[in-house]
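Summary of the model geometry
Each chain is listed here by its residues.
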Amino acid sequence: MTVLPDMTEAQIRRYARHIVLAEIGGTGQARLIASKVLVVGAGGLGAPLLQYLAAAGIGTLGVIDDDTVDLSNLQRQIIHRTADIGTAKVESAQRALADINPEVRVVMHPRRLTEANAQQIINGYDIVADGSDNFATRYLVNDVCYRLRKILVSAAILRFDGQISTYKAWQGAGHPCLRCIFPTAPAEDAVPSCAQAGVLGALAGTLGALQATEVVKEILGIGRSLSGRLVTYDALEASFEEMQIAKRVDCPTCGTT
Ligand SMILES: [Zn+2]
């Protein structure tokens with residue numbers, strides 16, 4: 001008989017399909033319940049990410065977003081409803097997550113992540129999933145997670161294309177960071193946004209669900225980490241590709257020279 005530490009009868013039933021997996025079990029589920037995950041952005045990627053992490057029983061879920069729900073968000077940001085238009089995204093998300101799993105403590109951060117607040121906010125979590133929609137935030141999250149030694153699962157989507165990787169560059173050789181791939185952020189106007197170039201709604205679901213999967217794997221220490229690999233998805237081709245990413249000795253964030 002597997003020991004199920006500090007779990008109620010209702011929790012054992014709620015998480016039964018996890019607990020029956022040999023790789024998770026009662027001990028793994030208890031670890032998920034004890035974990036604290038910060039999701040940056042309650043948008044297209046954040047929507048499936050937050051919903052799957054809440055359903056998985058992540059004990060504390062932080063949501064940071066300074067935006068309100070707009071009609072044009074609803075084509076892909078499926079955590080928000082038509083009735084939520086005009087509401088702060090963190091509030092709309094919190095309500096949806098409470099419906100899915102009232103056991104999860106949702107911490108709302110209704111602000112933009114900045115140089116001034118990033119360290120303090122991120123420090124309160126074990127692991128970060130970035131689904132933000134701009135390069136400045138993505139690089140800031142990368143640099144602060146490296147400094148604080150937090151695992152970062154980062155994804156991006158545009159048009160019909162998505163990409164995802166995991167960064168834990170402080171672990172040394174074989175573990176690059178975002179800046180090892182792209183040392184500096186492109187100018188904000190150099191790359192079109194989803195608003196300008198468009199994005200397939202269901203693509204956000206694909207990449208957000210992959211992020212949720214990798215977050216759970218990292219918390220549990222199971223399977224093969226995405227650290228050192230960049231996975232890209234081409235929705236029109238229906239194909240995944242994988243690239244090995246090398247750590248740069250001259251990386252501005254994690255380099256040694
Ligand atoms: Zn680096």
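Here, every reference points to the structure presented above.
Everything in this summary refers to the structure shown in the same document. Here the structure is a predicted model, which means the values were calculated and not measured.

Parameters and conventions
- Residues numbered from 1 in each chain as written.
- Predicted model: local features only at pLDDT ≥ 70, side-chain atom pairs only at ≥ 80, totals over all residues.
- Heavy atoms only, no water.
- Donors = N, O, S within 2.8 Å, 3.2 Å for Na, K, Ca; no water.
- Tetrahedral: all angles 85-135°; square planar, octahedral: opposite > 155°, others 65-115°.
- Helix = DSSP H or I, 4+ residues; strand = E, 2+ residues; numbered from the N terminus.
- Buried < 20%, exposed > 50% of the residue type's maximum accessible area, 1.4 Å probe, protein only.
- Phe/Tyr/Trp six-rings, centres within 6.5 Å; stacked < 30°, edge-to-face > 60°.
- Lys NZ or Arg CZ within 6 Å of the ring centre and 35° of its normal.
- 1 Å grid on protein atoms, 1.4 Å probe; cavity = no way out; pocket = protein on both sides within 12 Å on 5 of 7 lines; lining within 4 Å.
- Points joined across faces, edges and corners; volume = space filled by probe spheres on them.
- Nonpolar A, V, L, I, M, F, W, Y, C, P; charged D, E, K, R; others polar.
- Patch = residues over 30% accessible without salt bridge, like charges linked within 9 Å, V, L, I, M, F, W, Y side chains within 5 Å.
- Areas by Shrake-Rupley, 256 points an atom, 1.4 Å probe, with all protein chains shown as cover.
- Salt bridge = Lys/Arg side-chain N within 4 Å of Asp/Glu carboxyl O.
- Axes fitted to C-alpha atoms, helices over the stretch in contact; angles between N-to-C directions.
- Parallel < 35°, antiparallel > 145°, perpendicular 65-115°, else oblique.
- Left-handed = near helix turned anticlockwise from the far one by under 90°.
- Contact = heavy atoms within 4.5 Å.

A short note on the coordination of the zinc ion
- Protein-derived coordination of the zinc ion comes from Cys-177 (SG), Cys-180 (SG), Cys-251 (SG) and Cys-254 (SG), at a distance range of 2.3 Å.
- Each of the 4 donor atoms around the zinc ion contributes to a set of angles spanning 94 to 126°, which defines the coordination as tetrahedral.
- Coordination of the zinc ion draws on donor residues from a single chain, spaced C-x2-C-x70-C-x2-C in sequence. Here the residue Cys-177 occupies a position in the loop between strand 6 (161-167) and helix 8 (178-181), and Cys-251 occupies one in the segment after strand 8 (239-244), the gap between them amounting to 74 residues. Each member of the pair Cys-177 and Cys-251 is classed as buried.

Considering unusual backbone geometry
- Located in the positive-phi region is Arg-159, a residue other than glycine, with phi close to 55°.
- With respect to the helices and strands, the residue Arg-159 is situated in the loop between strand 5 (151-158) and strand 6.
- A residue is classified by how much of its surface remains accessible, and Arg-159, at 41% relative accessible area, is partly exposed.

Here's the deal with the packing of aromatic side chains
- Per the counting criterion, the structure on display carries 1 aromatic pair.
- Above the face of the Phe-135 ring, Arg-138 is positioned so that its terminal group lies 4.9 Å from the ring centre.

Thoughts on empty space enclosed by the protein
- Inspection of every chain in the model, using the stated rule, returns 1 cavity of 30 Å³ or more.
- Taken as a whole, the largest cavity spans an internal volume of roughly 50 Å³.
- Contributing to the lining of the largest cavity are Asn-142, Cys-145, Tyr-146, Lys-150, Leu-152, Tyr-167, Lys-168, Ala-169, Trp-170 and Cys-177.
- For the lining of the largest cavity, the leading source of residues is helix 7 (residues 135-148), giving 3 residues.
- Classifying every residue of the lining of the largest cavity gives 7 nonpolar, 1 polar and 2 charged.

Brief notes about a nonpolar patch on the surface
- Residues Phe-160, Leu-200 and Leu-236 make up a contiguous nonpolar surface patch of roughly 280 Å² in combined accessible area.
- Relative to the helices and strands, Leu-200 is located in the loop between helix 9 (194-197) and helix 10 (201-220).
- Judged by its relative accessible area of 37%, Leu-200 is partly exposed.

Examining the packing of helix 4 (residues 46-55) against helix 10
- Two numbers describe how helix 4 lies on helix 10: the axes approach to 7 Å, and their chain directions differ by 40°. Taken together, helix 4 and helix 10 sit at an angle that is classed as oblique. Crossing of helix 4 against helix 10: the hand is right-handed. Contact residues: Pro-48, Leu-49, Tyr-52 and Leu-53 in helix 4; Ala-204, Gly-205, Gly-208, Ala-209, Gln-211, Ala-212, Val-215 and Val-216 in helix 10.
- Of the residues in the contact of helix 4 with helix 10, the class split is 9 nonpolar, 3 polar and no charged.

Remarks on the side chain of Thr-166
- Its location among the elements puts Thr-166 in strand 6.
- For Thr-166, a relative accessible area of 0% corresponds to the buried category.

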